[in-house]
Amino acid sequence: MKTFFATAAAILMTNAAYAADLIEKKSPHSVQATMDKLAVAVEGAGAHIAARVDHAQAAGTVGIDLAPNQVLIFGNPNIGSPIFAENPAAGLDLPIRVVVFENGAGETVVAYHDPASLAKSFGVSPDMKSFQMMTGALNKLTNAAISE
């Protein structure tokens with residue numbers, strides 16, 4: 001029983017630390033428009049979109065009403081491949097994911113995990129050039145998505 005509680009506490013602390021590394025930006029646009037702008041920016045930067053997931057639409061298929069919530073999964077092999085070479089388990093979190101959702105106040109929010117937290121979770125130096133490039137790219141792409 002002690003092992004169960006110790007394991008549960010460790011998982012909760014890890015999830016809390018991971019959530020603390022969440023970068024959030026408000027968008028003046030709807031979820032759909034923000035996501036469309038993000039997709040255009042990603043493709044314009046030469047990255048590959050692996051998937052676009054609409055959680056609200058999926059929830060609707062089982063009778064659950066969710067506020068708009070979409071995830072864009074994308075990457076660039078020039079940035080991600082060196083990370084995989086260091087630790088193949090990075091494939092759990094890469095390609096990168098950005099979520100755009102409507103919060104309880106009706107605001108559109110763009111969120112993603114700070115690449116430095118991803119580096120730490122996989123035991124790779126956040127000073128690695130790929131993580132620096134990823135950090136800059138995510139900031140630039142998400143800023144393009146929320147621009148007027």
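Residues numbered from 1 in each chain as written. Predicted model: local features only at pLDDT ≥ 70, side-chain atom pairs only at ≥ 80, totals over all residues. Heavy atoms only, no water.

A. Broad picture of the overall build of the protein. From N to C terminus, the protein includes six helices and five strands. Listed N to C, the secondary structure of the protein is α-β-α-β-α-β-α-β-β-α-α in terms of helices and strands. Evaluated residue by residue, the protein yields a buried proportion of 33% over its 148 residues. A separation of at least 24 residues holds for 67% of the contacts in the protein among residues at least 6 apart in sequence. Roughly 8,500 Å² of accessible area belongs to the protein as shown, and the carbon and sulfur atoms make up 61% of that amount. (Helix = DSSP H or I, 4+ residues; strand = E, 2+ residues; numbered from the N terminus. Buried < 20%, exposed > 50% of the residue type's maximum accessible area, 1.4 Å probe, protein only. Contact = heavy atoms within 4.5 Å. Areas by Shrake-Rupley, 256 points an atom, 1.4 Å probe, with all protein chains shown as cover.)

B. Structural view of the packing of helix α2 (residues 31-44) against helix α6 (residues 129-146). At a minimum axis separation of 8 Å, α2 and α6 run at an interaxial angle of 140°. Taken together, the axes of α2 and α6 are oblique relative to one another. Here the hand of the crossing between α2 and α6 comes out right-handed. Of the residues in α6, those in contact with T34, K37, L38, A41 and V42 of α2 are L141, T142, A144, A145 and I146. Among the residues forming the contact of α2 with α6, the class breakdown is seven nonpolar, two polar and one charged. (Axes fitted to C-alpha atoms, helices over the stretch in contact; angles between N-to-C directions. Parallel < 35°, antiparallel > 145°, perpendicular 65-115°, else oblique. Left-handed = near helix turned anticlockwise from the far one by under 90°. Nonpolar A, V, L, I, M, F, W, Y, C, P; charged D, E, K, R; others polar.)

C. Molecular detail of a nonpolar patch on the surface. Nonpolar side chains collect at one region of the surface, where V62, I64 and L66 lie side by side and expose about 280 Å² of accessible area between them. Mapped onto the elements of the fold, I64 is located in the loop between α3 (55-60) and β3 (69-75). (Patch = residues over 30% accessible without salt bridge, like charges linked within 9 Å, V, L, I, M, F, W, Y side chains within 5 Å. Salt bridge = Lys/Arg side-chain N within 4 Å of Asp/Glu carboxyl O.)

D. The arrangement of the side chain of K25 in detail. Mapping K25 onto the fold places it in strand β1 (residues 22-27). Nearest to the buried, unbridged K25 among oppositely charged side chains is D114, at 11 Å. A polar atom in the side chain of K25 sits 2.8 Å from the side chain of N139. (Lys, Arg positive; Asp, Glu negative; His and termini not counted. Polar contact = N/O pair within 3.5 Å; in protein donor to acceptor, adjacent residues only side chain to side chain.)

E. Region of the structure containing the environment of L72. With respect to the helices, strands and loops of the structure, L72 is situated in strand β3. Owing to a relative accessible area of 0%, L72 belongs among the buried residues under this scheme. Sequence-distant contacts of L72, defined by excluding residues within four places in its chain, comprise M35, L38, A39, V42, I49, A51, R52, I96, R97 and V98.

F. Highlighting the pairing of strand β5 (residues 108-113). Summarising burial for β5: six of the six residues are buried, a large majority. Across the two faces of β5 the burial is the same, with T108, V110 and Y112 and V109, A111 and H113 all buried. Relative to β5, β1 runs antiparallel, the two being bridged by six bridges. Bridged to K26 within β5 is V109. (Pairing = 2+ DSSP bridges.)

G. Looking closely at the packing of helix α4 (residues 77-86) against α6. Between α4 and α6, the shortest axis-to-axis distance is 8 Å and the interhelical angle comes to 140°. Relative to α6, the element α4 is oriented oblique. Crossing of α4 over α6 shows left-handed handedness. Between α4 and α6, the contacting residues are N78, I79, P82 and I83 on the first element and S130, F131, M133 and M134 on the second. Taken together, the residues of the contact of α4 with α6 break down into six nonpolar, two polar and no charged.

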